[in-house]
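Next come the chains, spelled out residue by residue.
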Amino acid sequence: MQAFLVHGMGRSPRSLALLALRLERAGIRTSRFGYSVIAHDLDAIVARFAEHVRERARGPYAIVGHSLGNVIARKAMPTLPAGLSRLAMLAPPNQPSRLAVMFRDVPLYRALTRDAGQKLGDPAFYEALPLPNVPTLVFAGTVGPRARWLPFAGAASDGVVAVDETRLPGAEHREVRAIHTLIMNDASVAVAIARFLREGA
């Protein structure tokens, strides 16, 4: 099995290094894709990811995404080569992000997140986003702060994405005690992903 790993916004492929190592030790070949939302708009990033997969896919493959990496994977699905068999989603904003809506007009947020940051809060964008047509496993972190001033209004979250924002029709859903920025480094998550990629849900 081969897995393509896609990091979250503002991160780099290095953020998935530990997860990649654990998956490699479990017998899963990995390839990490890197991008910058400041350098490219979302459509360009999606096109680059699809090309990355086309150039490297050898037989059945899976995608493991963190945060925005899952949005990139979903948007790329119609252009990906045959062979996609699994999708594992870590802290995915599968619904319009309350945090993105809260900050969408803040100049610093707009400067740091550009086109991708605006799309994360756009319901019309999500309505057009393809749903996965392969077995999908979602991991949602639950140990984010529950302050009333946050856009989650006290609901469970990982500090960036609310648990209810991670849900996706037809996908298996698991909650883990992790925060958004470190969920990919949770050892139990890596074990569950490796098992899912090899055996399914």
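Higher on the page you've got the structure.
About the cut-offs
Residues numbered from 1 in each chain as written. Predicted model: local features only at pLDDT ≥ 70, side-chain atom pairs only at ≥ 80, totals over all residues. Heavy atoms only, no water. 1 Å grid on protein atoms, 1.4 Å probe; cavity = no way out; pocket = protein on both sides within 12 Å on 5 of 7 lines; lining within 4 Å. Points joined across faces, edges and corners; volume = space filled by probe spheres on them. Helix = DSSP H or I, 4+ residues; strand = E, 2+ residues; numbered from the N terminus. Nonpolar A, V, L, I, M, F, W, Y, C, P; charged D, E, K, R; others polar. Pairing = 2+ DSSP bridges. Axes fitted to C-alpha atoms, helices over the stretch in contact; angles between N-to-C directions. Parallel < 35°, antiparallel > 145°, perpendicular 65-115°, else oblique. Left-handed = near helix turned anticlockwise from the far one by under 90°. Contact = heavy atoms within 4.5 Å. Buried < 20%, exposed > 50% of the residue type's maximum accessible area, 1.4 Å probe, protein only. Arc of directions from axis to C-beta.

Novice: I tried to follow the layout of surface pockets on my own but got confused; where do I start?
Specialist: Gaps left between atoms show up when a probe the size of a water molecule is rolled over them. Its boundaries defined by the atoms lining it, the largest pocket holds a volume of some 470 Å³. Taken together, 25 residues line the largest pocket, and the ones lying closest to its centre are Met9, Gly10, Ser67, Val160 and His180. Contributing elements (two or more residues each) for the lining of the largest pocket: helix 4 (98–103) and helix 5 (107–119). By residue class, the composition of the lining of the largest pocket is 14 nonpolar, 10 polar and 1 charged.

Novice: Please explain the sheet that holds strand 2 (residues 29–33) as it appears in this structure.
Specialist: Strand order across the open sheet formed by 6 strands is 2-1-3-4-5-6, with parallel pairing between neighbours. Bordering the open sheet on either side are strand 2 and strand 6 (172–176), each of which pairs with just one other strand. When the angles between neighbouring strand axes are averaged without regard to direction, this sheet yields 20 degrees. Relative to strand 6, strand 5 (residues 136–141) runs parallel, the two being bridged by 5 bridges.

Novice: Is there a simple way to think about the packing of helix 1 (residues 17–25) against helix 8 (residues 187–199) in this case?
Specialist: For any two helices packed against each other, the geometry is given by the interaxial angle and the distance between the axes. Where helix 1 meets helix 8, the axes come as close as 10 Å, and the angle between the chain directions of the two elements is 45 degrees. In terms of orientation, helix 1 and helix 8 fall into the oblique class. Here the hand of the crossing between helix 1 and helix 8 comes out right-handed. Seen from helix 1, the contacting residues are Leu19, Arg22 and Leu23; seen from helix 8, they are Ala187, Ala190, Ile193 and Ala194.

Novice: How should I be thinking about helix 1 in this particular structure?
Specialist: The α-helix advances 3.6 residues per turn, and as a result positions three or four apart in sequence lie on the same side. When helix 1 is considered as a whole, its buried residues turn out to be Leu19, Ala20 and Leu23. Taken end-on, helix 1 shows its buried residues confined to a sector of 100 degrees, consistent with a single buried face. In the core, the buried residues of helix 1 are packed alongside strand 1 (2–6), strand 2, strand 3 (61–66), strand 4 (84–90) and helix 8. Directly beyond the C-terminal end of helix 1, a positive phi value near 90 degrees is found at Gly27.

Novice: Got a minute to help me understand the pairing of strand 1 in this structure?
Specialist: Within a regular beta strand, the side chains point alternately toward one face of the sheet and then the other, so they alternate between its two faces. Of all 5 residues in strand 1, 5 are buried; the element is thus mostly enclosed. Burial along strand 1 is two-sided: the residues Gln2, Phe4 and Val6 and Ala3 and Leu5 are all buried. As judged from the 5 bridges shared by strand 1 and strand 2, these two strands associate in the parallel manner. Across the sheet, Phe4 pairs through a bridge with Ser31, a residue of strand 2.

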